[in-house]
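Reading the structure
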Amino acid sequence: MRYPKFMSSSIAAYIAISIGVVLLYIVIFMNLMRYEGQHEYANLANAIYWVMASVTTVGYGDIVFQSMIGKIFSIIVMISGIPLFFGILITLVITPWFEKTMKLPLSVKVPKRYSDHIIVCGYNALVETLVEEFKEQNTSFVIVSEDEDALRMLSRKDIPCMYGDPSDEITLENANINSARFLIANQSDNENANIVLTARKVSDVRIIAVAEDASKIKYLKYAGADRVISPKLVLGRFFAKKAVDPFLGVLFGTTEFFDGCSIVEFPVYSKSALIGITLSQAQIHERTGATIIGLRKGGQLTFNIHPGDVIKDNTVILAVGSREQLQRLGKFTD
């Protein structure tokens, strides 16, 4: 089972603290045994044995304290052993096993009544933004992918999705391609070419392909795509506009990815409530619907962003979203 980075670090910290507590118990046990005069038990082997028996609540009773302080220590060890031992056991063993054995089968077909919908092949940050836009406009859609982890995450959020190879005819037919409004091919350039060829073979649906490499645009058009969009090319045009006129208004310098989905660069002003907090704490996507795809710090642009990045008064946020979402974000950066 793969955990998100923040969750993995939390688990690692929990395990480190638990080990530290166990080592502390071992030291205290040996000192208390010497205090009571039970020197035959005041060694590392017996200390580890007694602490593990107490922490796991087994408690064989062959080594016991006679003094009141020793008995109080025993109670503390036994009570704390429940979250220490069983917390680790449940998190690292039982939960992953349960999820692995009890996983519900993923959907491989949309209902027959599904029509006038959008088929999105693949899932990433750009699609995450589109999903928010589709929801706001009450647009029917389905995400098709072979990434089981991503699909299960989407299912938990009640986002329409189905498992399958988007370049396979049966998968596209199961997605009701012939009654769809249009299809978005949003995987690698080679995969998108196969998706476009297959989609064009089985349907005359309108196809939009996303190109990672701008030089592949013409080939995707040859394959049958009605429109090809290159995020890198769009970003290049956006920054070209900024270079010509770096004082463009917040929403006047937008560059459009898809209909209703644009990219904007927001300078964070000194009076903004975002100053001094991390991207995770800012909860920008949750509060505005916009997705952060890059940060400019001290004139340097980076797309390698992390939840722990701190927003400062010289930070510029590069965001993707609908006009309404970006306007909401603009209010936070002012």
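Residues numbered from 1 in each chain as written. Predicted model: local features only at pLDDT ≥ 70, side-chain atom pairs only at ≥ 80, totals over all residues. Heavy atoms only, no water.

**Quick word on helix α2 (residues 44-55)**
Condition: To qualify as a helix, a DSSP run of H or I must reach at least 4 residues; to qualify as a strand, a run of E must reach at least 2; elements of each kind are numbered from the N terminus. Expected span of a helix, by definition, is 1.5 Å for each gap between consecutive residues, and there is one gap fewer than residues. The rule is simple: take the accessible area with a 1.4 Å probe, protein chains only, and divide by the maximum for that residue type; under 20% is buried, over 50% is exposed, in between is partly exposed. Any pair of N or O atoms that falls within 3.5 Å is considered a polar contact. Within protein, one atom must be able to donate a hydrogen and the other to accept it, and sequence-neighbouring residues count only if both atoms are side-chain atoms.
For α2, which comprises 12 residues, the first-to-last C-alpha distance of 16 Å matches the rise-based estimate of 16 Å (1.5 Å per residue) to within 8%. Three or more residues of α2 are buried, namely Asn46, Ala47, Trp50, Val51, Ala53, Ser54 and Val55. The N-cap of α2, judged by a side-chain oxygen 3.4 Å from the amide nitrogen of alanine 45 a few residues on, is asparagine 43. After α2 finishes, the residue threonine 57 shows a positive phi value of roughly 65 degrees.

**Remarks on the confidence of the model for the protein**
Put simply, the rule is: Values of pLDDT, ranging from 0 to 100, describe the predictor's confidence in every residue of the model. Any two residues whose heavy atoms approach within 4.5 Å at even a single point are treated as in contact.
Residues with a pLDDT of 70 or more make up 81% of the protein, whose mean pLDDT is 80. Element-level mean pLDDT values for the protein span from 54 in helix α9 (residues 231-244) up to 94 in helix α6 (residues 169-174). Throughout residues 1-7 the model reports pLDDT below 50, and contacts reaching past four residues in sequence, or to other chains, amount to 7 contacts. Per-residue pLDDT stays below 50 along residues 244-253; that stretch engages in 12 contacts with residues further than four places along the chain or on separate chains.

**Thoughts on a negative patch on the surface**
Where we set the bar: Note on patches: the residues involved have over 30% relative accessible area and no salt bridge, like charges join within 9 Å, and the nonpolar side chains Val, Leu, Ile, Met, Phe, Trp and Tyr join within 5 Å. Shrake-Rupley sampling with a 1.4 Å probe provides the accessible areas, and residues are treated as covered by the protein chains on show and by no other component. Any Lys or Arg side-chain nitrogen located within 4 Å of an Asp or Glu carboxyl oxygen qualifies as a salt bridge. Neither His nor the chain ends is counted toward charge; the positive residues are Lys and Arg and the negative residues Asp and Glu. A single reference atom marks each charge: NZ on Lys, CZ on Arg, CG on Asp, CD on Glu.
There is a patch of like negative charges on the surface, built from Glu146, Asp168, Glu173, Glu191, Glu212 and Asp213. Inspection of the secondary structure assignment puts glutamate 191 in helix α7 (residues 189-202). By relative accessible area, which is 39% here, glutamate 191 ends up partly exposed.

**Overview of the pairing of strand β1 (residues 118-121)**
Under the convention used in this document: Between any two strands, at least two bridges found by DSSP are needed for them to pair.
The alternating pattern of β1 places Ile118 and Val120 on one face and Ile119 and Cys121 on the opposite face, and all of these are buried. In this sheet, strand β2 (residues 141-145) lies alongside β1 in parallel orientation, the contact comprising 4 bridges. In the sheet register, cysteine 121 faces β2, and the bridge partner there is valine 144. Direction of pairing for β1 relative to strand β4 (residues 182-185): parallel, over a ladder of 4 bridges. Bridge pairing in β4 places isoleucine 119 opposite leucine 183.

**Looking at the sheet that holds β1**
Selection criterion: Axis geometry follows a simple rule: fit a line to the C-alpha atoms, using only the stretch in contact for helices, then measure angles between N-to-C directions, giving values from 0 to 180 degrees.
Strands sit in the order β3-β2-β1-β4-β5-β6 across an open sheet of 6 strands; the sheet is parallel. The open sheet is flanked by β3 (161-163) and β6 (227-229), the only strands paired with a single partner. The sheet shows a mean angle of 20 degrees between the axes of neighbouring strands, direction not considered. Pairing of strand β5 (residues 206-210) with β6 involves 3 bridges; the strand directions are parallel. In the strand pairing of β6, alanine 209 is matched with valine 228. Lying on the sheet, helix α5 (residues 148-156) is in contact with β2 and β3; it crosses β3 at an angle near 150 degrees. Across the sheet, α7 lies against β1, β4 and β5, angled at about 175 degrees from β5, the strand it touches most.

**Structural notes on the packing of aromatic side chains**
Short version of the rule: For Phe, Tyr and Trp, where Trp contributes only its six-membered ring, two rings pair if their centres lie within 6.5 Å, and the inter-plane angle classes them as stacked under 30 degrees, edge-to-face over 60, or tilted in between.
Under the counting rule described, the total for this entry stands at 8 aromatic pairs. For the ring pair phenylalanine 134 and phenylalanine 141, a centre distance of 5.2 Å and an interplane angle of 40 degrees mean the geometry is tilted. Taken as a pair, phenylalanine 134 and phenylalanine 141 share a single burial class, namely buried. Ring centres 6.2 Å apart and planes at 80 degrees place the aromatic pair tyrosine 219 and tyrosine 222 in the edge-to-face group. Placement of both tyrosine 219 and tyrosine 222 in helix α8 (residues 217-223) is noted, with a separation of 3 residues, approximately one turn of the helix.

**Let's talk about the nonpolar core**
Short version of the rule: Definition used in this section: a nonpolar core is a set of buried Ala, Val, Leu, Ile, Met, Phe, Trp, Tyr and Cys residues joined via side-chain atoms within 4.5 Å.
Among the nonpolar cores identified, the biggest contains 26 residues, and Ile119, Ile177, Leu183, Val196, Ile207, Ala209 and Val228 are the most heavily contacted of them. Per element, the largest residue contribution to this core is 4 residues, and it comes from α7. Discounting residues that sit within four places of it in the chain, isoleucine 207 has contacts with Leu183, Val196, Ala199, Arg200, Gly224, Ala225, Asp226 and Arg227. Counting residues in each nonpolar core, the second largest holds 22 residues, with Leu106, Ile229, Leu318 and Val320 among its members.

**So, the pattern of salt bridges**
Overall, the coordinates contain 4 salt bridges when judged by the stated rule. In this structure, the salt-bridge partner of arginine 152 is glutamate 148, at a minimum N-O distance of 3.9 Å. Highlighted residues: arginine 152 and glutamate 148, both in helix α5, separated by 4 residues, approximately one helical turn.

**Describing the environment of asparagine 190**
Take asparagine 190: it is sitting in helix α7. Spatially, the C-alpha atoms of asparagine 190 and lysine 216 are 9.2 Å apart, while their sequence positions differ by 26 residues.

**Section: α7**
Look at α7: 20 Å from first C-alpha to last across 14 residues, which is about the 20 Å you get at 1.5 Å a residue. Among all positions of α7, only Asp189, Asn192, Ile195, Val196, Thr198, Ala199 and Val202 are buried. Buried residues along α7 sit in contact with β1, α6, β4, β5 and α8.

**With respect to unusual backbone geometry**
Trans is the common state for peptide bonds, and a negative phi is the common state for residues other than glycine. Residues other than glycine seldom take positive phi values, yet aspartate 158 does so here, at roughly 60 degrees. With a phi angle near 55 degrees, asparagine 176 is a residue other than glycine that sits in the positive phi range. For asparagine 176, the location among the structural elements is in the loop between α6 and β4.

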